[in-house]
Number of protein chains: 4
Amino acid sequence: MKIGLIGAGWIGEEHVKRLAGRVTGAEVVAVSDIDPERAAAAAAIAGARVVDTAERLIADPGVEAVVVTSWAPVHAEQVLACIAAGKPVFCEKPLTTEAADGLRILDAEQARGERLVQVGFMRRYDAGYRQMKAVLDAGGVGVPLMVHCAHRNPTQPESYHSDKPMVDTAVHEIDVLRWLLGEEFATVQVVVPRSTSQRFPHLVDPQILLLETASGARVDVEVFVNCRYGYDIQCEIVGETGTVRLPDPAAPLVRSEGRASYAVVQDFPSRFADAFDTELQEWVDSLRSGVPAGPSAWDGYAATVVANAAVEARRTGGVVAVDLPGRPAFYQE
Amino acid sequence: MKIGLIGAGWIGEEHVKRLAGRVTGAEVVAVSDIDPERAAAAAAIAGARVVDTAERLIADPGVEAVVVTSWAPVHAEQVLACIAAGKPVFCEKPLTTEAADGLRILDAEQARGERLVQVGFMRRYDAGYRQMKAVLDAGGVGVPLMVHCAHRNPTQPESYHSDKPMVDTAVHEIDVLRWLLGEEFATVQVVVPRSTSQRFPHLVDPQILLLETASGARVDVEVFVNCRYGYDIQCEIVGETGTVRLPDPAAPLVRSEGRASYAVVQDFPSRFADAFDTELQEWVDSLRSGVPAGPSAWDGYAATVVANAAVEARRTGGVVAVDLPGRPAFYQE
Amino acid sequence: MKIGLIGAGWIGEEHVKRLAGRVTGAEVVAVSDIDPERAAAAAAIAGARVVDTAERLIADPGVEAVVVTSWAPVHAEQVLACIAAGKPVFCEKPLTTEAADGLRILDAEQARGERLVQVGFMRRYDAGYRQMKAVLDAGGVGVPLMVHCAHRNPTQPESYHSDKPMVDTAVHEIDVLRWLLGEEFATVQVVVPRSTSQRFPHLVDPQILLLETASGARVDVEVFVNCRYGYDIQCEIVGETGTVRLPDPAAPLVRSEGRASYAVVQDFPSRFADAFDTELQEWVDSLRSGVPAGPSAWDGYAATVVANAAVEARRTGGVVAVDLPGRPAFYQE
Amino acid sequence: MKIGLIGAGWIGEEHVKRLAGRVTGAEVVAVSDIDPERAAAAAAIAGARVVDTAERLIADPGVEAVVVTSWAPVHAEQVLACIAAGKPVFCEKPLTTEAADGLRILDAEQARGERLVQVGFMRRYDAGYRQMKAVLDAGGVGVPLMVHCAHRNPTQPESYHSDKPMVDTAVHEIDVLRWLLGEEFATVQVVVPRSTSQRFPHLVDPQILLLETASGARVDVEVFVNCRYGYDIQCEIVGETGTVRLPDPAAPLVRSEGRASYAVVQDFPSRFADAFDTELQEWVDSLRSGVPAGPSAWDGYAATVVANAAVEARRTGGVVAVDLPGRPAFYQE
Ligand SMILES: [Mg+2]
Ligand SMILES: [Mg+2]
Ligand SMILES: [Mg+2]
Ligand SMILES: [Mg+2]
């Protein structure tokens, strides 16, 4: 599969390395970026051409599928261009920053009549979440009633502002829980503890999202992006007959100096390296057999709607309804 | 220490056995119960006398200290009688069911001018919570910002109704968190997942309490009294620099038939047997050196106010302020 | 039960505190020690009399039962005196240092015709080992084939010499495994790793005991008394259908500074405090109902024979047969 | 890298799939097997040619590197043929069944003057072992003194005989411990528990290998190939200041029906799937930059010598010296 990649920032370059070096059946043939030097550097990794604009890259007859890792506000137009060109597109999350743009993509893809869009929600490819889903689907804990999550980062840069916990961070939980629970969210509320003194005064951190699904399951997500001690992702699903908990990454237990301890992962690229690889490998594999099998444009749209509702919930302090239209038959699974 | 016990139901009989058989420095000399047969059965365990009313037991010159394990609605008058008689009294939780009765006890004890009342919040005596408190107090996780708790029972009888998750069950978390965090609760809210189908239609189960402390720390307490798989108490405190989690009781790991597993405790008497023993032993020990050192009448009152606010919160669906007067100097620690 | 205690060293004083303060149904009425000041100090804890010799204490009509916590080489004569006096005696391990002395005790007790002797192997009273035994006895792992143990101390004083790993340290594993497996040891071998550089050149540390039971189960016991990081007792039994592992003591998991960790206990009094309490409580309780129910003189004798064989095995480097006579019917369970 | 594979049995076919589907930078161009149908089936997976003999495959100018997954007794001649042809060869373990054949390979490779041989000891590529090595190499537990290992399989077929625990099974521990400890083994002994009743009477199972390294570290390896409950690999290294333990594979903790449990892996392909992938990927990557960086012919030879000594040790019941010549400078790292 000959792939063109748009947006050669950190995640773009990571995906170039991944596609060139670890994913089989794919090669990166073209790279574009608004910064030509960055494009050249990423292209050099894969021996790919530099193409000067996203439009030209999408139109390039040598490009069979597109990876969009550009700045989020331009995702919509680039994804729409791919759909117009009839080319499969893998778009990093978020699919769009505005829900209205998501609707335009849904409309365009349905009008085109074939599934072309996959969104980069990599947690669905993490071995731990997949094991949890297997337990759930086998009825191992009964019907889910509650989910308790934590999403903790050691720290974040100054540019990270108080809406990002929802739109950048908890959006991963929003997606993976939609997938695990197999239903949509109906309402969202945000409660705000006293903020940590360890970081910027402007930042509201931690925050806790309280979500309710269509069937009445309740989800709480602690988002704490300056927890200092590590990158730590926790998830426990409580069903009618039992509970299942996401495992910590395997690490040796060391007994030393009075304590038994294991290392906590320090960043998300380490935590989800295998998930990213699996995600792109399965995307490439699925393209050969037809349509992308991963998170769809609908999943990207729904996650944006929920995250945006969470932003509103934090600002208003109230319970906000998630205003999601019915899922089109086109996107049924 | 010669002890008289009022109320020979299950917990009363347990405490008679405990005081007679495992607690040193104490003997049960008198037992009373509205049911004379129950009183006789409990008294027989300890070779104690049966006294026909609570009043006579409290007045008995051979009784140096009183244990109240009667029906909750009569706690207030019995505790007040002990205060009037100047006798130390250990009252099982709740101290009172109505906050107004708690205020009367506070007034009476202050008027008397000596601390006589201890309330039976046994979790403060559990080794795990004490280890957590040691970590907290040593600054091991920094200033607490959030606490995530779960209180799960395998099941409950039909008489257990939808206010009990707050007043009977989560009241333990309410107390132990006041003690761990060293501050009062300011607000409470209750969110309600879809109820489990495994038990009575009349029961709202599970329920989630959302509490805020005076300093702005946020606490969530899942109460799920028909979780079926076991009696499971979870507590994680998230501070500015780390987290600390209540340990599960130690149990052998068995590898067998494809799984590695350990037993989950099935009931609270097993889970907190040692805590109950320590609680009464320390109470008896503290009486010798002066005043009861455990949870005070203030602690009993505060827990009732918070639990009652939680009941109101569930009924109204809103955020309810915890209406607690300033802590009297008499009860400062 | 009125108890006299002989030998007011560290463990003697601990047992005085335990009997006086935590064990019910017992009081310490008399203490003797070759050092009168030590005797006085221990006696003062319990309000007991000081008796000037062990003989007089044993003969004292006010003493109903005796606890022997004296220097090991005099255990034999003191225990024999108790048997002669017809008084129950709890003797700290080892029952005797020489196997021949153990035989004299077995003979005397059988001649007396009643069980009077209990030996202080406290691990049988540890909750973890008891849980393991329950799993074993329920067939949870099938017939035991192998046991892997480790016995680690942070350090030991200079007086600790290279035979002590067997006679002082591994003797606990020797006893608890006889109890867990329900059979005697047949052979023993010792293999010796390069010694740690962290402590005295004269000390062979660590050492590994390799034991074989009568039925052919194999046991390995790592003894490492200068492991530095903590007091750590490990035991895993491998049966025909599964394995069961002794749990670590419950301790909170703390996430901080890049690691998730829990404290390792630092000394055996902390690790086995509850076991010591239970041991003496059950001994006192058993005296009321008749004979001591704990480790018998036979158990003390067998442990000494095995430990002494291990000493010989280390010195010779070969496999040494455990030369144990048939268990007398008197000591069958 | 154009690869020819010799021996299309189970592991051969797995490696074809791996090289064709998950390893980048490699393609399988030729397959040979004594059974032409098996060769054809494996070749079809990769779109490779079938070559009728191993000799022709090695000589084929279109084959740049060779993977040997044939029957162990023919490994030696095929590896020697690759050396003669100057082609890199990846040989599944064991490199040879006879130590003398290993010496011939060492001589041939040295005479050739370039490193061409890598042996398939995949544990060095397992994330858990690599994390342990990082802890060791950073001095996290001090100088290693002891290692405790267990290698357990659920069961084995009837053809599995009593030498296989050493030559097929523990050979993995022999290699990975040589790598972890960075030194050779000096002696080996085998002790034999009573065999499990769960499987064939002809099979001596379990067996315990006792190894001593050149520096005096002691290693015990329990090999239990009919443990029934799962495929379970345990390893704990005890150093002068601490211990480090191989982690179990990450798996969700499920609380259900009175127990908290996680799944134990059931077979070695699942347990080491990632290690196999990494092993072949790193081999392919290393070929590009020059010589194979993984386990060398020396490693394969040393493992065979130790395993064969263990076979002798079991048969004689004694301690057997590992008769290994000095490591040639050619194989120093
Ligand atoms: Mg590729
Ligand atoms: Mg008592
Ligand atoms: Mg006592
Ligand atoms: Mg390939």
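Residues numbered from 1 in each chain as written. Chains lettered and ligands numbered in written order. Predicted model: local features only at pLDDT ≥ 70, side-chain atom pairs only at ≥ 80, totals over all residues. Heavy atoms only, no water.

A. Quick peek at the environment of A:Ala307. Residues and elements named next belong to chain A. One can find Ala-307 in helix H10 (residues 297–316). Looking at Ala-307, the relative accessible area reads 2%, which means it is buried. Sequence-wise, Ala-307 and Phe-330 are 23 residues apart; in three dimensions their C-alpha atoms are separated by 23 Å. (Helix = DSSP H or I, 4+ residues; strand = E, 2+ residues; numbered from the N terminus. Buried < 20%, exposed > 50% of the residue type's maximum accessible area, 1.4 Å probe, protein only.)

B. Quick peek at helix H1 (residues 10–21) of chain A. Residue and element names in this part refer to chain A. With 12 residues, H1 extends 16 Å from end C-alpha to end C-alpha; this agrees with the ideal 16 Å at 1.5 Å per step. Within H1 the residues assigned to the buried category are Ile-11, Gly-12, Glu-14, His-15, Val-16, Arg-18 and Leu-19. Looking at the buried side of H1, the elements it contacts are strand S1 (2–6), strand S2 (27–32), helix H2 (36–46), strand S4 (65–68), strand S5 (89–92) and helix H9 (273–289). (Expected span 1.5 Å × (residues − 1). Contact = heavy atoms within 4.5 Å.)

C. Main features of the coordination of the magnesium ion (ligand 3). Residues and elements named next belong to chain C. Distances from the magnesium ion (ligand 3) to its protein donors, namely Leu-19 (O), Val-23 (O) and Ala-26 (O), fall within the range 2.1 to 2.5 Å. Donor residues binding the magnesium ion (ligand 3) come from one chain and are separated in sequence as L-x3-V-x2-A. Here Ala-26 falls in the buried class, since its relative accessible area comes to 14%. (Donors = N, O, S within 2.8 Å, 3.2 Å for Na, K, Ca; no water.)

D. Just the relation of the copies chain B and chain A, in detail. Overlay of chain B on chain A (RMSD 0.0 Å): rotation 180°, translation along the axis 0.0 Å. Considering both components of the superposition, the chain copies are consistent with a two-fold axis. When you check the interface residues of chain B against chain A, 100% turn up at the interface there too, and the contact is symmetric in its surfaces. (Least-squares fit on C-alpha atoms with pLDDT ≥ 70 in both.)

E. Structural detail: the side chain of D:Thr213. Inspection of the secondary structure puts D:Thr213 in strand S9 (residues 207–213). Not counting residues within four places of it along the chain, the set of residues in contact with D:Thr213 comprises D:Leu181, D:Glu183, D:Glu184, D:Phe185 and D:Ala186.

F. Broad picture of the relation of the copies chain D and chain C. With an axial shift of 0.0 Å and an RMSD of 0.0 Å, the rotation relating chain D to chain C amounts to 180°. Take the interface residues of chain D: 100% of them recur as interface residues in chain C, which is what a same-surface contact looks like.

G. Representation of the interface of chain B and chain A within the structure. Taken residue by residue, the interface counts 35 residues in chain B and 35 residues in chain A. Between chain B and chain A, a total of about 2800 Å² is buried, with carbon and sulfur atoms accounting for 54% of that surface. Between the two partners, chain B and chain A, sit four salt bridges. Across the salt bridge formed by A:Arg152 and B:Glu236, the nearest N and O atoms sit 3.4 Å from each other. Those elements giving two or more residues to the side of chain B that touches chain A turn out to be strand S7 (144–152), strand S8 (185–191), strand S9 (207–213), strand S10 (218–224), strand S11 (232–239) and strand S12 (242–245) of chain B. (Buried area = accessible area lost by both parts, 1.4 Å probe. Salt bridge = Lys/Arg side-chain N within 4 Å of Asp/Glu carboxyl O.)

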